[in-house]
Amino acid sequence: MRIAILAATAALWTIPVTGEAQSWRTVTMSRQLGDHDDLRVTVEYGAGVFSVRSTDEGLLYRMNLKYDEDRFEPVADLAGDRLRLGIESVGRGIDIDSREAGELDLELARGVPMDLDLKFGAVEADLDLGGLALRDLDLSTGASESRVDVSEPNPVRMETATFEVGAADFTVRNLGNLNADRIQIDAGVGALTVGLEGRWQRDARLGIDMGLGSLELRVPEGLGVRLRKDSFLTSLDSEGLIKRGDVYESPDFDDADHRVVIDLDAAFGSVSVVWIN
Amino acid sequence: MYRLLRSILPVLALGVLILPDGAHGQLREIVAKSVSASSSGASLELTFADERELEVSFENGSVSVDGESIGSYEPGSDLDAAWRALLGDAMGLENGPLADRLVAWEVPEDLAGEARATATTVDEALEEALQVSTASASATVQSRIMVSGSEDGTLAEALLRSVDRLGLLGEALEGLSTGDRLRIHVEEDVVVPEGSVVEGSMVVIEGMLTIEGEIRGDVVVVDGSVEILETGVVHGELRAADARILRNRGEIGGGIVDVLETERDLERELRDRIREEIRAEIRSDLRNEIRNVTRMDHDDDFSIMAPFRPVIRGVGGVLEKLILVFVLAVVGAGFLAFAGENMETISETARRSPGRAAMVGVAGSFLLLPVWILGAVALAISIVGIPVAIAWLPLFPLAAGLAALLGYLAVAQNTGEWLARTDFPWTGWIERSNPVYTMVAGLIGLLLAFIAGHVISIAPFLDFLAGLLFAVGIIVTIVAVQIGFGAVLLTRGGRRPEYRGAYDTYDTDVAWEAAMQADMDVNVDDGLGADADPGNDG
């Protein structure tokens, strides 16, 4: 956070000197934590560099933005239990020739129960959802290079986490920390890395629909995994899994503390299972 | 109101002088902030706990506070740099430290002239927005009446802005005992802290009063709000005029007086009276409406003619179709009289090749519009063709319509002839030798489904059957028109009599005659009998 503020402060000083022909604007927006016990947070971001993490500085959110003020305007709208953050277009299109990318650095309150809806387009995203109290998660991204990490366990139980990925290089790690009953990943085209690390608190189902691309499933030793595959022209490197009937299982599936059942629906691609310590 | 003004204004003026001794400030809670900067400027937006907002903006050489321009600045100047430096600090601060930093901001020493005046206004705006005045129990009240406003210098302005509220204030103060001390606060938020005691009464105009301590008098709030917390006590009355009261377990000795209650009662009475008048008017309209309906003026509603409506509609429909038959028969008779040969060729073609005629008709129907448009365009692009195009535009659709009508009548004639050949008892009147008779019979035959539908619709509960018959009638009409139109196209409007034989099907009479002729030729020629070729008979 300090780095982001320092960068924003530096921009504040340098803009008048170097930004003569630019229409970039930096903005820092924040709100104090109130009596929020039920929040529905929607974050929308079109293109640029996007990061999310938790904060415990008594803030509901803090958002550092850099955006083209001719084309976008920031949104930070709290109405009742609905919080909308991000930027929205002001209707002058997107300059595809622009070499400089916008930035959104978002911090959300740690421990405040929330339904989180993240929508981002052509971005380079680095999201750490660790520490957030997520009751529901919907993440949808277009053509992006996204890394999602759940570095700390989610303190509240989540029913379903959904990831919709368009044409992207998408990596998600520590899914066990999501504390979810069901996780659904719909991927179009691209390279998908799904890490099942983290602290699993219950058995869960993981559904993966993949169009065209490669999937790397990273499975920690000790976690019971059952893979059910429904695929077309998709290779499977199932090293370490034992085929039992129509499914592939980890050797200790029946004795594992927690089990994850994976339903894989893939077409045109490759699936590999990587075991990690 | 003038009497009130006369009595209050001197008091206020006195209050202005003594205000600094009577109150001290504390900082508001900042719940949200937005600090933005670009090459065009830098802005600060704050939202406070009481939902008030402050926006100070340095953009494109103009300085504004809450959207109102207060001055100008030179980008890159000392004022701009000082403001950006403040916002640079503000980016990393929140709530209390942020408020402290903003209040602590001083106008740079080296500023002069307009820039200094602008910076001073910004400084004042920040302080005014951030500071909450507090009624202190420790303050020694020197005067019986004390007045304070949003800021000392603009108290008179605040009062002038509140002139439209003076009437309300007059009502609120009516009968109020001001024998003791009186405090008046205009356009500012006031807090009576816990443990403090305010002697006398307190008036708050367009502000928020929070009572955590004790007030030994009355409280009057005009166009604002008052919150009495658990530790708050008001010994006298709490008078509210267009004000919001939040009683959070606080104590009010003299009770709550709603100053506008009388007005509200009057308003309620007026509203009831208007409602009654509207009701009476609606009742009267309704009565007139019902009267009109019983006079059979309205078809859509109930009337004594209601049971006869299906009969009238059904009989009307049948008559309508009979008139249509008559009109078409007259037109058909005209065609027979002036273009009988063409008519015969068309009907013969339709009879012999109905499938082909129908296909040609459908294709022709689809091509009508493109041909019409392309023809008009083709004619319009040549100078010579322009007059022709003017005629083409109306005449082509007319010709197409006539062709369809001619074809339909030809099909009707075929239908009439077919009916005449049948043994139905009601077809005895059709004379096959008279083409007008057969045409009329054919028209009735083609429209029979419609006529039957109208008749059936007279009977109750048979609407579905009537609808079905109408649908059949529509299909029959479309098929007849397509066959007829196709036959007209195939025979070029009946001008190609040879065409009707081109698709002959096997005719037993003709075949028999041909066979007989062949036998005769065999006998006459050479008696080769079986080797004779009827095709070579010359």
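Described in the following lines is the structure provided in the data block. Source: prediction; values computed, not measured.

1. Concerning the overall build of chain B
Secondary structure assignment for chain B yields 14 helices and 21 strands. Classification of the 538 residues of chain B by burial places 31% in the buried group.

2. Examining the overall build of chain A
Of the regular secondary structure elements, chain A holds one helix and 16 strands. Within chain A, the proportion of its 277 residues that are buried is 42%. Counting contacts in chain A only where the partners sit at least 6 residues apart, residues at least 24 apart contribute 58% of the total.

3. A word on the packing of helix α8 (residues 309-352) of chain B against helix α13 (residues 463-490) of chain B
Residues and elements named next belong to chain B. Between α8 and α13, the least distance of the axes is 9 Å, while the angle of their chain directions is 120°. Relative to α13, α8 is oriented so that their crossing is right-handed. Between α8 and α13, the contacting residues are Ile346, Thr349 and Ala350 on the first element and Ile483, Gly484, Ala487, Val488 and Leu490 on the second. Here the residues of the contact of α8 with α13 are counted per class, giving six nonpolar, two polar and no charged.

4. As for unusual backbone geometry
All names here are of chain B. Non-glycine residue Asp66 carries a positive phi angle of around 50°. Phi is positive for Glu187, which is not a glycine, with a value near 50°. Relative to the elements of secondary structure, Glu187 occurs in the loop between β9 (182-186) and β10 (190-192). Given 21 C-beta atoms within a 10 Å radius, Glu187 is considered buried.

5. Describing the environment of Ala329 of chain B
Residue and element names in this part refer to chain B. Considering the arrangement of structural elements, one finds Ala329 in helix α8. On the neighbour-count criterion, Ala329 (20 C-beta atoms within 10 Å) is buried. Put simply, Ala329 and Val436 are 107 residues apart on the chain and 7.2 Å apart in space, counted from C-alpha to C-alpha. Discounting chain neighbours no more than four positions away, the residues touching Ala329 are Val436, Met439, Val440 and Leu443.

6. Focus on the sheet that holds strand β14 (residues 214-216) of chain B
All names here are of chain B. Taken in spatial order, the four strands make up an open sheet running β11-β14-β17-β20, and their pairing is parallel. Edge positions in the open sheet fall to β11 (197-199) and β20 (251-252), since each of these has one partner strand only. Alignment of strand β17 (residues 233-234) against β20, held across two bridges, turns out to be parallel. Pairing of Val234 across the sheet is with Ile252, part of β20.

7. A closer look at α8 of chain B
In an α-helix, one turn spans 3.6 residues, which is why side chains three or four residues apart end up on the same side. Compared with the 64 Å implied by 1.5 Å per residue over 44 residues, the 45 Å span of α8 of chain B between its first and last C-alpha is markedly short. Along α8 of chain B, the largest kink reaches about 110° and is centred on Ala339 of chain B.

Rules of the game
Residues numbered from 1 in each chain as written. Chains lettered and ligands numbered in written order. Predicted model: local features only at pLDDT ≥ 70, side-chain atom pairs only at ≥ 80, totals over all residues. Helix = DSSP H or I, 4+ residues; strand = E, 2+ residues; numbered from the N terminus. Buried ≥ 20, exposed ≤ 12 C-beta atoms within 10 Å, placed from the backbone. Contact = placed C-beta atoms within 7 Å. Axes fitted to C-alpha atoms, helices over the stretch in contact; angles between N-to-C directions. Left-handed = near helix turned anticlockwise from the far one by under 90°. Nonpolar A, V, L, I, M, F, W, Y, C, P; charged D, E, K, R; others polar. Pairing = 2+ DSSP bridges. Expected span 1.5 Å × (residues − 1). Bend = angle between axes of the 7 residues up to and from the residue.

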